[in-house]
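Tertiary structure, described
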Amino acid sequence: MDNQSVSKALLNIYHRLMARYEPQYWWPAEEPFEIIVGAILTQSAAWRNVEKAITNLKAARALSPEALRCLSLSEVAALIHPCGYYNAKALKLKSLASWLGKYYDDNLNKLFICNTDHLRRQLLSIYGIGQETTDSIILYAAHKPVFVIDAYTRRIINRIGLAPASNSYIAYQALFMDNLPTDTELFNEYHALLVCLAKDVCRNRPLCQQCGLNSICHFYEMVE
Ligand code: SF4
């Protein structure tokens, strides 16, 4: 498929999803540091459990880099217990808090003023922050246009028949970023809508009859 056709297909998917699910207005958080913490806690966790962990952090007045530095690893782990992998995630939060204090005086504006490539490299250098978490932070906390790739996105794109030649994160990201307008709001809503679709109908066992994309989906074409 040429670039123009891919672009048309991606926009078609977006408009169908928007008509079906309406804008999602992500990320559900009160301020950027909460988004960063949420992006780490949501690794391999259901969002409802992340919310419980964030509620605990807020109740303990621990939702700031300085407060996280003051708490011990086991204290942070106890607060974020509901979201699973709490010891590993506590270490990630402590590492993030140390890094933000050491290099940016806990000032996210100083961090987010960096250009996107530099910001991405900076975030990837923090312990426990991988590509998906980094891009979630860049898109939803720093409001810069990068496309977030997660397992839901890969599953949907593969089933529809738009999978890139390579299975790498960067290849999936390039599929969107090379074929869509560079637009933060578009990337924000598109990712959120793909998550909606995956949870609603494009599950492990898909409910294709109920899916608004079935008329353009290769998987559905094959099983019908
Ligand atoms: S038609 Fe089925 S496989 Fe295709 S996107 Fe919809 S739910 Fe997923």
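Residues numbered from 1 in each chain as written. Predicted model: local features only at pLDDT ≥ 70, side-chain atom pairs only at ≥ 80, totals over all residues. Heavy atoms only, no water.

All right, on to the side chain of Q173 then. With respect to the helices and strands, Q173 occurs in helix α11 (residues 169-177). Its relative accessible area of 8% is what places Q173 among the buried residues. Setting aside its immediate chain neighbours within four residues, Q173 contacts R120, D135, V146, F147 and I149. (Helix = DSSP H or I, 4+ residues; strand = E, 2+ residues; numbered from the N terminus. Buried < 20%, exposed > 50% of the residue type's maximum accessible area, 1.4 Å probe, protein only. Contact = heavy atoms within 4.5 Å.)

Put simply, helix α8 (residues 116-124) and helix α9 (residues 131-141) touch, their axes get as near as 9 Å, and they point 135° apart. Accordingly, the angle class assigned to the pair α8 and α9 is oblique. In this structure, α8 crosses over α9, and the sense of that crossing is right-handed. Contact with α8, carried on its side by T116, L119, R120, L123 and L124, involves Q131, T134, D135, I137 and I138 of α9 and no other residues of that element. (Axes fitted to C-alpha atoms, helices over the stretch in contact; angles between N-to-C directions. Parallel < 35°, antiparallel > 145°, perpendicular 65-115°, else oblique. Left-handed = near helix turned anticlockwise from the far one by under 90°.)

A few words now on the domain arrangement of the chain. For the chain, the assigned domains read domain 1 (3-25 + 148-223) and domain 2 (32-141). Inter-centroid distance (C-alpha atoms) of domain 1 to domain 2 is 27 Å. With 11 residues of domain 1 at the contact, the number on the domain 2 side is 7 residues. Sorting the residues of domain 1 by area buried against domain 2 places V148, Y169 and N188 first, and these three jointly supply 55% of that buried surface. (Domains from an automatic or database assignment. Buried area = accessible area lost by both parts, 1.4 Å probe.)

Our next topic: empty space enclosed by the protein. A probe matching the size of a water molecule, rolled over the atoms, marks out where space remains unfilled. Applying the stated rule across the entire model yields 2 cavities of 30 Å³ or more. As for the largest cavity, its lining consists of 14 residues, of which C202, P206, C208, C211 and C217 are closest to the centre. With 3 residues, the top contributor of residues to the lining of the largest cavity is helix α10 (residues 151-160). Split by residue class, the lining of the largest cavity holds 12 nonpolar, 1 polar and 1 charged. (1 Å grid on protein atoms, 1.4 Å probe; cavity = no way out; pocket = protein on both sides within 12 Å on 5 of 7 lines; lining within 4 Å. Points joined across faces, edges and corners; volume = space filled by probe spheres on them. Nonpolar A, V, L, I, M, F, W, Y, C, P; charged D, E, K, R; others polar.)

A separate point is the layout of surface pockets. There is about 590 Å³ of room inside the largest pocket. What lines the largest pocket is a set of 21 residues, among which T42, A45, E132, D150 and Y152 lie closest to the centre. Of all the secondary-structure elements, those providing two or more residues to the lining of the largest pocket are α9, α10 and α12 (184-200). By residue number, the principal contributor to the lining of the largest pocket is α9, which donates 4 residues. Here the residues of the lining of the largest pocket sort into 12 nonpolar, 6 polar and 3 charged. Both of domain 1 (3-25 + 148-223) and domain 2 (32-141) provide at least three residues apiece to the lining of the largest pocket.

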